[in-house]
Amino acid sequence: VNLQEGKGVVDTRELFVRHSLSGAVSFVVEFERDLGEFSKEPAVYINVYYRNGEAFGDQVHTHYSVGYLNSVRRLPKSYRCSKFAPFIKDENLEFSYSVHNVGGTRPNSDQTVFVRVLTDTGVERRFPMHVRAESVTAFTASEILSGLEESVRRTAVIFLEHQTTNFNGSWYFMNKANGTLGTDHFTGG
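The shown structure was predicted, so the numbers you read here are calculated from the model rather than taken from an experiment.

Caption draft 1: Spotlight on the overall build of the protein. On a plain count of helices and strands, the protein comes out with two helices and eleven strands. With 189 residues in all, the protein has 31% of them scored as buried. The contacts of the protein with a sequence gap of at least 6 include a subset with a gap of at least 24, amounting to 67%. About 12200 Å² of surface is accessible on the protein, with carbon and sulfur atoms providing 50% of the total.

Caption draft 2: Broad picture of the sheet that holds strand β11 (residues 187–188). In spatial order, the strands read β6-β5-β8-β3-β11; together these five strands make up an open sheet with antiparallel pairing. The outermost strands of the open sheet, each flanked by one partner alone, are β6 (124–130) and β11. Where strand β5 (residues 112–119) lies against strand β8 (residues 155–162), six bridges are found, and the strand directions are antiparallel. Bridge pairing in β8 places Val 117 opposite Ile 158.

Caption draft 3: Seen up close, the packing of aromatic side chains. Enumeration over the complete set of coordinates arrives at six aromatic pairs. Lying across the ring of Phe 114, Arg 126 places its NZ or CZ 3.9 Å from the centre.

Caption draft 4: Inspection of the pairing of strand β10 (residues 181–185) at higher detail. Burial runs high along β10: four of the five residues are buried. As paired strands, strand β9 (residues 168–175) and β10 are joined by five bridges and run antiparallel to one another. For Phe 173, the partnering residue across the bridge sits in β10 and is Gly 182. The turn linking β9 back onto β10 is made up of five residues, and Gly 179 within it adopts a positive phi angle of 80°.

Caption draft 5: Region of interest: the sheet that holds β9. If you trace the four strands from one edge of the open sheet to the other, you get β7-β4-β9-β10, paired in antiparallel fashion. The open sheet terminates on both sides in strands that have one partner only, identified here as β7 (136–140) and β10. Recorded for the sheet is a direction-independent mean angle of 20° between the axes of neighbouring strands.

Caption draft 6: Representation of the pattern of salt bridges within the structure. Within the structure shown, the criterion is met by four salt bridges. The salt bridge involving Arg 116 is made with Glu 161; its shortest N-O contact spans 2.7 Å. Taken together, the residues span a long stretch of sequence, with Arg 116 in strand β5 and Glu 161 in strand β8 at a distance of 45 residues. Among the salt bridges present, the one from Arg 126 reaches Glu 161, with a minimum N-O distance of 2.7 Å. With Arg 126 in strand β6 and Glu 161 in strand β8, the pair connects residues that are 35 residues apart, well separated along the chain. On the accessibility criterion, Arg 126 (38% relative accessible area) is partly exposed. For Glu 161, a relative accessible area of 10% gives the class buried.

Caption draft 7: Layout of the nonpolar core. Core analysis: the biggest nonpolar cluster contains 25 residues, and Phe 87, Tyr 97, Val 113, Val 115, Val 117, Ile 144 and Ile 158 have the highest contact counts within it. The dominant element in this core, judged by the number of residues it contributes, is strand β4 (residues 93–100), at four residues. Apart from the residues lying within four places of it in its own chain, the contact partners of Phe 87 are Phe 95, Tyr 97, Ala 141, Leu 145, Val 152, Arg 154, Thr 155, Ala 156 and Ile 158.

Caption draft 8: Layout of the side chain of Asn 175. With respect to the element layout, Asn 175 can be found in strand β9. Of the polar contacts made by the side chain of Asn 175, one reaches the backbone nitrogen of Ala 177; its length is 2.8 Å. Within polar-contact distance, the side chain of Asn 175 engages the backbone nitrogen of Asn 178 at 3.4 Å. Dropping the residues within four chain positions of it, Asn 175 is found in contact with Asn 92, Leu 93 and Thr 180.

Definitions and cut-offs
Here the residue numbers are simple positions, counted from 1 along each chain's written sequence. With the structure being a predicted model, the display of local features is reserved for residues of pLDDT at least 70 and the display and counting of side-chain atom pairs for 80 or more, all residues being used for whole-chain, interface and lining totals. Remark: hydrogens and water are excluded; side-chain values derive from all non-hydrogen atoms of the structure. Here a strand is any run of E in DSSP of at least two residues, a helix any run of H or I of at least four, and the numbering for each starts at the N terminus. Partly exposed residues are those whose accessible area sits between 20% and 50% of the maximum for their type, while under 20% is buried and over 50% is exposed, using a 1.4 Å probe and protein chains only. Pairs of residues are marked as contacts when any of their non-hydrogen atoms sit within 4.5 Å. Using the Shrake-Rupley algorithm and a 1.4 Å probe, accessible areas are obtained, with residue cover drawn only from the displayed protein chains. By the convention used here, strands pair only if DSSP detects at least 2 bridges between them. Centres within 6.5 Å are what make two rings of Phe, Tyr or Trp a pair, Trp counting through its six-membered ring; a difference in plane orientation under 30 degrees is then read as stacked, over 60 as edge-to-face, and the rest as tilted. The rule for a charge over a ring is simple: NZ of Lys or CZ of Arg within 6 Å of the ring centre, and within 35 degrees of the ring normal. In this analysis, axes come from line fits to C-alpha atoms, helices being fitted only over the stretch in contact, and the angle between any two N-to-C directions falls in the range 0 to 180 degrees. A pairing counts as a salt bridge when a side-chain nitrogen of Lys or Arg comes within 4 Å of a carboxyl oxygen of Asp or Glu. For our purposes a nonpolar core is just a set of buried Ala, Val, Leu, Ile, Met, Phe, Trp, Tyr and Cys residues, chained together by side-chain atoms within 4.5 Å. Pairs of N or O atoms within 3.5 Å make up the polar contacts considered here, provided that, within protein, one atom can donate a hydrogen while the other can accept it, and that residues adjacent in sequence are counted only when both atoms are side-chain atoms.

Spelled out as structure tokens, the structure:
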């Protein structure tokens, strides 16, 4: 799909009308510009509007693909990752979490992110999960909370952590009862 700068809208529902997509699907947008031509990092992100049925459900901007590692300007320091997002236990809600493994603080040589879960009953667990190199990896709440289901009464906090790579991340929920959805970025540093 070719778009002119500032004049483009892509409706992925129309673009993939003949495909039966389900589950976590990542779309990659290539801006086809050389970072070396810019004196500072360009605004290379887009706004994504999520739809349920015919109505828009939520909106969020994408993450930059420029980070400490591949910045056109060498930044003064790098730092580790500690970001968090919510989980709400409800039979009608499905949660997903995505990790954006591009342009972090250093190469992610172990291809992992640590996930820490802190539940409302005081249970805490930390474990590594595999992430794809230079890509986006999605996890469902049921994958992350496997074995912890009884430790969550109503809520939990999902953390992304790493000692050498600072990830971007997003979280999503979908209400199966009415089709509404929402999204936001992990918060933290």
